[in-house]
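Residue-level structure breakdown
What follows is each chain in one-letter form.
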Amino acid sequence: MALTFDIVRDGIPAINTAQAALAQAQQQVSTGRAWQSVAADPAAASRAVGEHTELSVIDAYKSTANAVASRQSAADSTLTDIIQQLTSAMASLTGAQGSTATQATRDAAADSLTGVRDAIASDVNTTYQGTYIFSGSQVTKAAYANTGGVWTYQGDNAPVSVSINTGTKVADTWDGQAILQGSDSTDLLTTLDTLATAVRSGDAAGMSAGMTALQSAFGRATQAQDRLGTDENSVANATSRLTTLSLATDTRRSQDEDANMAAAVSQMSQAQTSLQAALATVAHASQLTLFDFLR
Amino acid sequence: MPGLFDSLSMATTSLDAQSRGIDVTGQNLANVNTNGYSRRALLLAEAPPEGPGGTGGGVIVQGVQALRDSYVQAQLDTATQSGAYEGALTNQLSTLSSALGLPGSSLDASLSSFFNSFSQLSTDPTSIVYRTGVVAQGQALAQSFNTMAGNLTAAQQSSDATARGLVDQVNALTTQVATLNRQIGDGADANVESLIDQRQVDITKLSSLIGAVAVPSTDGTIGLTVGNGHAIVIGTSSFQIGVGSDAQGLATFTLQDVNVTSQLTGGQVGAMLHIRSTLVPAYQAQLDQLAYNVATQVNTLHQAGTTLTGSTNQAFFTAPTGVTGAAASLTVDPTLAGDPNLVAASTTGTPGDNQTALAIANLQATGFVGSNGATPSEAWSQLVYTVGQDTASATSAQANQQQIITQLTQLRDAVSKVSTDDEAAQLIKYQQAYLANARYFTVINDTLANLMTMVTTTS
C-alpha cells in the first residue's frame, strides 16, 4: 500500500489552509479586530455585546451629567445673585431703620427694595434652553407672575430629577416657592413689596417683620445653594466615576474584540512562511516523477 | 518437454501478455485525472505444464482487475455524508452569522440608542428635538428588528430552496444508479469496471447530497436507502422523492406517498432542512421574544404616561398581536410617528415631568425578556452567542470530518488511485519483460533456423 502525495487532494487543501490563515492574520493586522464574525469567537462576541451596551449607557449618563451640570451652573449663578440681592436689601433696610433715618433715606431704601424685588423676580424666572428652572416640573411656566399687583407661584413643588448613574439622581429643576417662601406666610416678592411700603411710611414694626422675613429668605437661599453645591459635587464625582468605568469597560471590550497586534503580526509572518512552504511543496511534488528518470 | 515450435508459441503468448500490461499501464496513465477511476491491474497466471515433467506453458492473461477496497469506500461514503452535512451547515450559518453584524453596530446598538434617546429626553421633556430623536430611534430600532427578521426568513427560504434543488439532483442520480445497476447486473457490457466506477461516483454524490446508505446485493447491484431505511434505489428500480409544500410554503418530501421530510437528516439536504426547520425557527423565536417584550414593556409604560398634548394611553409601538412574527412586524405607532409631541415623557402630566421617560430608559437595565428575565442587551447577546456557537461547532465538526475524509481518501487512493510513479515502474517492468520475451523469441527462432539449416545441409 503506497501513501502518495496528491497535488489536488493534499496540496490544494494545504495551500488553502495556509492562505486562510494568512488572510485571517492580515485582516487582524489591517482592521485591528481579533475577529470579523461572531462565529469566530462566540463567547467574546456575546461579552462584547454587553460591553458595547455598557459603554453606550455610560455615554448616555455622561451626556446627561454634562447637561445637568450646565443647568446647575445656571441655577447656582442665579442663587448667588438672589443672595447678593438679599444682602443688599438687608443693608438698605438697616439704613432705613432707626430714628436717624430721614424720609429721603427711607424713600431711597424703598426704591432699592423695589429694585431688589425686580431683580429677584427676574432671577427666579430664569430660563435655560427655553425652560424655566425654578418652576418645579411646570417648566413651561414662569415661576412667579404678578397679576394685578399680586405675586403668584405658577410652578409646582415637584422638581424634576435626572439619572446621572445607576441609582443616582440629581435635581434638574428646582422648587422656586421653597426658596422664595418656604414655610413663611408670604413669598419673598410680596414681602419686598410690603416692606418697601413699610419703609416708605416709616413703619418700624413692618420693617422689623420685613427684616426677619429677609433673613429667613436669605437662610433658605443659602441652604438651597448648599444643596445645589452638593448636587454639583455629585455630578462631578459621577462624571469622574463614569470616566473610570468607561475606561475599564473599554479595556474589557478591547480584550474581547481587538487584535493583539504583536501576536497578529507574528501569526501573519508564520502564515506567510506556511503558505510559501505549501506552494513550494506542491511545485516540487509536481516536478518529480519516476518518468523524469526514464531514458 | 515442449518442442521448439511450442516454445515459439509460448514466447508469442508472453509477448502478448506483456503488451497487454503496457496497454493497461497506458489506460491507467490516460485516466490519472479521471474522477472515480479505479486503477486497473493485469492479472497474469502461469500456464501449467501439459504433463508430468513439463516446464510449463508460459503465461496466460486472466483478466484486468479494477483495484478497490469496498470497506474503505463504505467508510469514506459515511464520512463524506457527514462532511457534506457539516460543510453545508457551516456555509449557511456563516452567512447568517455575518448577517447578525458585529457587537456595537447591530441590533444591540439600535436598542441602546433607543433607550438612551429616552434618557436624553428626560433631561428636557419639552424639547421637540429630543422628542423627534426618540421617534427616529424608535423607527431605527423597529427597522433593525425588521431587517434581522428578514435576514432569518431569507436564510430559511434559501435553505428551503437549496434543499428542493438538491432533491432534484438526487432524483436524477438515483435514476442513473438504477440504470447502471441494470447494465452491471446484465454483464453484457464489456466495460463493467468502468460502470462500477461511474456508479461509485454517483453513490458518493448521493451520500454527500442526502446521506444515502449503500446496501450491496449479491447480484452486483447496489441498493440505496435514506431516512429510516426508505429505499431510493432497489436493484434496477429507482424511487423518486416527491416535492410538495406545507402550509408555510416550505418544502415537504415524500417517498412512495410517505412524508419523509423529518427523516432526511443526512448530507447537504439534511443540513438545509435542519437549518430551515430547527435552527432558524429557534433564532426567530428568540428574536421575536425580544421584539415582543421590548414593544409590550415600552407600550405599557408609555401608555401609562402623558404626552405633551396631555393625552394618555398612547402606544409607542404598534401593539404586536403575539410573540410569533413580532420582530418582522414591529413598527412605531403611525400617529405618534407623525407627531413627536405624542411621546409620553411624563407620568403626572406636567410638561417638565420626566418619570415616564426615565422609566422607559431604565428598561435597558431591567430584566424582562423571556422566561429567564434577561435585559434586552443580554437577550440579544444570547442570540448572538447561540448563532455564533452553532456556526463555530459546525465549522469545527467540518474541519474534523475533513481530516477523516482526507485520511480515508488517502487510504482509498493508496489502493485505487493511479500513481504515475507506480505506472512508470509498471511500464519499465512490462517493457523489460517484453524485451526479454522478444529476446527469447529471437533465440528460439535462431535455434530453429540453425536446425533448419542443419536439416537442409544433411539432406
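Just so we're clear, the structure is a prediction, and the values are computed from it rather than from any experiment.

**A short note on the overall build of chain B**
A tally of regular secondary structure across chain B gives 11 helices and 11 strands. Over its C-alpha trace chain B gives a radius of gyration of 38 Å, far above what one expects of a compact globule, namely 23 Å for 459 residues. For the C-alpha atoms alone, the extent of chain B along its principal axes is close to 145 × 45 × 30 Å. Put simply, 69% of the contacts in chain B that link residues at least 6 apart link residues at least 24 apart.

**Comments concerning the overall build of chain A**
For chain A, the count of helices and strands is seven helices and six strands. The C-alpha atoms of chain A give 38 Å as radius of gyration, which overshoots the globular expectation for 295 residues (19 Å, by more than 25%). Once the C-alpha set of chain A is aligned to its principal axes, its extents read approximately 140 × 30 × 25 Å. Contacts in chain A between residues far apart in sequence, at least 24 positions, make up 66% of those at least 6 positions apart.

**Description of the domain arrangement of chain B**
Many structure descriptions define interface size as the accessible area lost when the parts assemble. Residues and elements named next belong to chain B. In terms of domains, chain B is made up of domain 1 (4–67 + 418–458) and domain 2 (75–403). Placing a centre on the C-alpha atoms of domain 1 and another on those of domain 2 gives a separation of 65 Å. Across the contact, five residues belong to domain 1 and six residues belong to domain 2. Its residues placed into classes, the side of domain 1 that touches domain 2 shows two nonpolar, three polar and no charged.

**Quick notes on the packing of helix 3 (residues 107–123) of chain B against helix 9 (residues 355–362) of chain B**
All names here are of chain B. At a minimum axis distance of 8 Å, the contact between helix 3 and helix 9 shows a crossing angle of 155°. Taken together, helix 3 and helix 9 sit at an angle that is classed as roughly antiparallel. Pair helix 3 / helix 9 crosses with left-handed handedness. On helix 9, the residues touching F115, F118, S119, L121 and S122 of helix 3 are A357, L358, I360 and A361. Taken together, the residues of the contact of helix 3 with helix 9 break down into seven nonpolar, two polar and no charged.

**Regarding the interface of chain B and chain A**
Each side of the interface is counted separately: chain B has 49 residues, and chain A has 43 residues. The dominant element in the side of chain B that touches chain A, judged by the number of residues it contributes, is helix 10 (residues 376–416) of chain B, at 17 residues. Its residues assigned to classes, the side of chain B that touches chain A comprises 16 nonpolar, 26 polar and seven charged.

**So, the pairing of strand 5 (residues 161–165) of chain A**
Of all five residues in strand 5 of chain A, four are buried; the element is thus mostly enclosed. Hairpin remark: strand 5 of chain A followed by strand 6 (residues 168–171) of chain A, antiparallel, with two residues in the connecting loop; positive phi at G167(A), about 80°.

**Section: the sheet that holds strand 5 (residues 230–234) of chain B**
Residue and element names in this part refer to chain B. Pairing is antiparallel in the open sheet, where four strands are placed in the order 3-4-5-6. The outermost strands of the open sheet, each flanked by one partner alone, are strand 3 (213–216) and strand 6 (237–238). Pairing of strand 4 (residues 222–226) with strand 5 involves three bridges; the strand directions are antiparallel. Its bridge partner being in strand 5, T225 is matched across the sheet by A231.

**Focus: the domain arrangement of chain A**
With domains assigned, chain A is organised as domain 1 (51–251) and domain 2 (263–295). Between the C-alpha centres of domain 1 of chain A and domain 2 of chain A the distance comes to 81 Å.

**Things to note about helix 6 (residues 267–304) of chain B**
Residues and elements named next belong to chain B. Its 38 residues give helix 6 an end-to-end C-alpha distance of 54 Å, which sits within 8% of 56 Å, the value for a rise of 1.5 Å per residue. Remark: the principal bend of helix 6, roughly 40°, maps to I275. With respect to burial, helix 6 is a largely interior element, 28 of its 38 residues being buried.

**So, the nonpolar core**
Ranked by internal contacts, the top residues of the largest apolar core, which has 95 residues, are F145(B), A212(B), L224(B), V269(B), L287(B) and A291(B). The dominant element in this core, judged by the number of residues it contributes, is helix 4 (residues 128–186) of chain B, at 19 residues. Among residues more than four places away in sequence, those in contact with V269(B) are A163(B), L166(B), V167(B), L209(B), I210(B) and L264(B). By size, the runner-up hydrophobic cluster in this structure holds 38 residues, among which are L93(A), L113(A), V139(A) and V199(A).

**Observations regarding the environment of L152(B)**
Residues and elements named next belong to chain B. Turning to its location among the elements, L152 is positioned in helix 4. Through-space distance from the C-alpha of L152 to that of N31 is 46 Å; in sequence the pair is 121 residues apart. Dropping the residues within four chain positions of it, L152 is found in contact with V280, Y283, Q284 and L287.

**Some words on the sheet that holds strand 8 (residues 251–255) of chain B**
Residues and elements named next belong to chain B. A sheet is described by the order of its strands in space; here three strands give the open sequence 7-8-9, paired in antiparallel fashion. The sheet terminates laterally at strand 7 (241–245) and strand 9 (258–259), the two strands that pair on one side only. The pairing of strand 7 with strand 8 spans five bridges and is antiparallel. Bridge pairing in strand 8 links V243 to F253. Here helix 4 sits on the sheet and contacts strand 7 and strand 8; the angle it forms with strand 7, its principal contact strand, is near 155°.

**Side note on helix 5 (residues 188–201) of chain A**
Counted at 1.5 Å a residue, the expected span for helix 5 of chain A with its 14 residues is 20 Å, and the 20 Å between its end C-alpha atoms agrees. Following helix 5 of chain A by one or two positions, G202(A) has its phi on the positive side, about 70°.

**Points about the packing of helix 2 (residues 70–100) of chain B against helix 4 of chain B**
All names here are of chain B. It is the contact of helix 2 with helix 4, at a shortest axis distance of 10 Å, that shows an interaxial angle of 165°. On the basis of the axis angle, helix 2 is roughly antiparallel to helix 4. Crossing hand, helix 2 versus helix 4: right-handed. Residues Q92, T95, L96 and A99 of helix 2 lie in contact with helix 4, whose contacting residues are N151, A155 and S159.

**With respect to the environment of A136(B)**
Along the chain, the position of A136(B) falls in helix 4. Separated by 23 residues in sequence, A136(B) and S113(B) have C-alpha atoms that sit 9.9 Å apart.

**As for the confidence of the model for chain B**
Looking at chain B as a whole, the pLDDT averages 93, with 99% of positions reaching at least 70. Confidence metrics for the complex model read pTM 0.87 and ipTM 0.86.

**With respect to the environment of A221(A)**
Position of A221(A) relative to the elements: it lies in helix 6 (residues 204–257). Classification of A221(A) as buried rests on a count of 26 C-beta atoms within 10 Å.

**Some words on unusual backbone geometry**
All names here are of chain B. Its identity is not glycine, yet Q256 carries a phi of approximately 50°, on the positive side. For Q256, a count of 12 C-beta atoms within 10 Å gives the class exposed. The residue D257 is not glycine, and still its phi comes out positive at about 70°. Secondary-structure assignment places D257 in the loop between strand 8 and strand 9.

Cut-off values and rules
Residues numbered from 1 in each chain as written. Chains lettered and ligands numbered in written order. Predicted model: local features only at pLDDT ≥ 70, side-chain atom pairs only at ≥ 80, totals over all residues. Helix = DSSP H or I, 4+ residues; strand = E, 2+ residues; numbered from the N terminus. Rg over C-alpha atoms; globule rule 2.2 N^0.38 Å. Contact = placed C-beta atoms within 7 Å. Domains from an automatic or database assignment. Nonpolar A, V, L, I, M, F, W, Y, C, P; charged D, E, K, R; others polar. Axes fitted to C-alpha atoms, helices over the stretch in contact; angles between N-to-C directions. Parallel < 35°, antiparallel > 145°, perpendicular 65-115°, else oblique. Left-handed = near helix turned anticlockwise from the far one by under 90°. Buried ≥ 20, exposed ≤ 12 C-beta atoms within 10 Å, placed from the backbone. Pairing = 2+ DSSP bridges. Expected span 1.5 Å × (residues − 1). Bend = angle between axes of the 7 residues up to and from the residue. Core = buried A, V, L, I, M, F, W, Y, C linked by C-beta atoms within 7 Å. pLDDT = per-residue confidence, 0-100.

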